Amino acid sequence: MPVLFQPLALRQLTLSNRIVVSPMCMYSAQDGSATAWHHAHLGSLALSGAGLLFVEATAVTSEGRITPGCLGLYSDANEVALAPIVAMVKATAPIALGIQLAHAGRKAASLAPWIGGRLKPSDPGGWQSVSASAVPFNETDPPPRALTLAEIEALPAHWAAAARRAVRVGFEAIEVHMAHGYLMHQFLSPQSNRRDDAYGGAFDNRTRLPLAVFEAVRAAVPAHIPVGVRVSATDWLEHIDEPSWTLEQTIKLAQRLKTRGCDWIDVSSAGISPRQKIAAGPGYQVPFAQAIRAATGMTTIAVGMITEPRQAEAIIAQGQADLVALAKGFLLDPRWAWRAAAELGAPVRAPKQYWNMVPKASHLSFSDPPFGA
């Protein structure tokens, strides 16, 4: 059996294989609530053959949305809208379902990518963004408002409330978003955190809020629900003579998360500064996952230009990561995991309704016992 298709346990949740569908922002919600688009989008990805499907970055407060069209889980209406989609996935697809909880911080109040640019806080539909400090992402952006101490101390409760909603809706795993230049990353990186109080300056201070948020989420959900964290392993700013977030600091953060019950580290990078210089290429972020796994012994998810089945198999087989996550790969090929199974000679879980529809020439086999039998 190829290692890519061997099961993996996260607490009491057992994934059928090591393939993950990454969270992908759709910018298609209404007041934070899921719409018909989410039914179609997640219904398609749920039948992908992956072991775990993550719902897109979901805001824990209204002002934490990246755009006015971003998904949220901060209101009863949000919860009611998301529940039938989760129920649909669980009733029809052999896949575990997770959600990524997030707050965009200074990257909030933006326009959708297909519109371009950013909303000014004074524009219709926009709002004042907040951050660790009043430092904008781009010099031409309106600066965010620095959060007060009272606002910072209230944030873990917002994350906990969203986590409780996620469990009520039926999600089986929760990921806390601390990457890509969003609010938790804004506290971690000295590029965006210029505070001189208990939440800024030294490493212990910059990690104080992210760790408190994780603790709040972990405490808010039942012990059998796995909770992980997505990180930006580096700011990719080694070329400038300024403090930034680095792999070494990420490893220290991961070690502290481990002691608090973190079940995995989802290892991405960048997003804090337009000055970043990324050495992109196939699997370019995998060494970060490997380094964190080696230093901490934690379960890691590798991401970043992982496109081919044998490439994914090698990452797991060589001990560089425990799971691999794809985003664009699944948009281009919604049955990527089926293709990987056929190429590597492994069975894949799929709805029995599809079994007799697959051409014999595909060399695809289905696992037993079948889902829904």
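Fair warning: this is a prediction, and the values are worked out from it, not measured in the lab. (Residues numbered from 1 in each chain as written. Predicted model: local features only at pLDDT ≥ 70, side-chain atom pairs only at ≥ 80, totals over all residues. Heavy atoms only, no water.)

### Remarks on the overall build of the protein chain
Helix and strand counts for the protein chain come out as 11 helices and 14 strands. In terms of overall dimensions, the protein chain is globule-like: its C-alpha atoms have a radius of gyration of 20 Å, near the 21 Å expected for 373 residues. Seen through its C-alpha atoms, the protein chain measures out along the principal axes to roughly 65 × 40 × 40 Å. When burial is assessed residue by residue, the protein chain has 59% of its 373 residues classed as buried. (Helix = DSSP H or I, 4+ residues; strand = E, 2+ residues; numbered from the N terminus. Rg over C-alpha atoms; globule rule 2.2 N^0.38 Å. Buried < 20%, exposed > 50% of the residue type's maximum accessible area, 1.4 Å probe, protein only.)

### Some remarks on the sheet that holds strand S4 (residues 52-59)
With parallel pairing, eight strands are arranged side by side around a closed barrel as S3-S4-S5-S8-S9-S10-S11-S12. Strand-to-strand twist across the sheet, computed as the mean angle between neighbouring axes with direction ignored, equals 30°. Note that strand S3 (residues 19-21) and strand S12 (residues 323-326) share three bridges and pair parallel. Each bridged residue has a counterpart across the sheet, and for Val-20 the counterpart in S12 is Ala-325. (Pairing = 2+ DSSP bridges. Axes fitted to C-alpha atoms, helices over the stretch in contact; angles between N-to-C directions.)

### Examining helix H1 (residues 36-46)
Within H1 the residues assigned to the buried category are His-38, His-41, Leu-42, Gly-43, Leu-45 and Ala-46. For H1, the elements touching its buried residues are S3, S4, helix H2 (76-92) and helix H10 (328-332). (Contact = heavy atoms within 4.5 Å.)

### What to know about unusual backbone geometry
With phi around 55°, Arg-11 is a residue other than glycine that occupies positive phi space. For Arg-11, the position within the fold is in the loop between strand S1 (8-10) and strand S2 (13-15). Positive phi, normally seen in glycine, also occurs at Ala-109, with a value near 60°. You can see Ala-109 is positioned in the loop between strand S5 (96-102) and strand S6 (130-131). Of the residues examined, Ala-109 reaches a relative accessible area of 2% and is grouped as buried.

### Topic: the pattern of salt bridges
Evaluated as defined, the whole model comprises 16 salt bridges. Residue Asp-76 pairs with Arg-165 through a salt bridge whose shortest N-O separation is 3.0 Å. A residue pair is termed long-range when its members are at least 10 positions apart, and Asp-76 in helix H2 and Arg-165 in helix H3 (residues 149-169) qualify at 89 residues. The network of salt bridges with common partners includes Asp-76, Glu-79, Arg-165 and Arg-168. (Salt bridge = Lys/Arg side-chain N within 4 Å of Asp/Glu carboxyl O.)

### A short note on the packing of aromatic side chains
Counted under the stated rule, the structure contains seven aromatic pairs. Ring centres of Trp-236 and Tyr-284 lie 6.5 Å apart, and the angle between their planes is 40°; this geometry places the pair in the tilted category. On the criterion of sequence distance, the pair formed by Trp-236 in the loop between strand S9 (227-232) and helix H7 (247-259) and Tyr-284 in the loop between strand S10 (265-268) and helix H8 (286-296) is long-range, its members being 48 residues apart. Of the residues examined, Trp-236 reaches a relative accessible area of 12% and is grouped as buried. Residues Phe-330 and Trp-336 carry aromatic rings whose centres are separated by 6.0 Å and whose planes lie at 70° to one another, so their mutual orientation is edge-to-face. (Phe/Tyr/Trp six-rings, centres within 6.5 Å; stacked < 30°, edge-to-face > 60°.)

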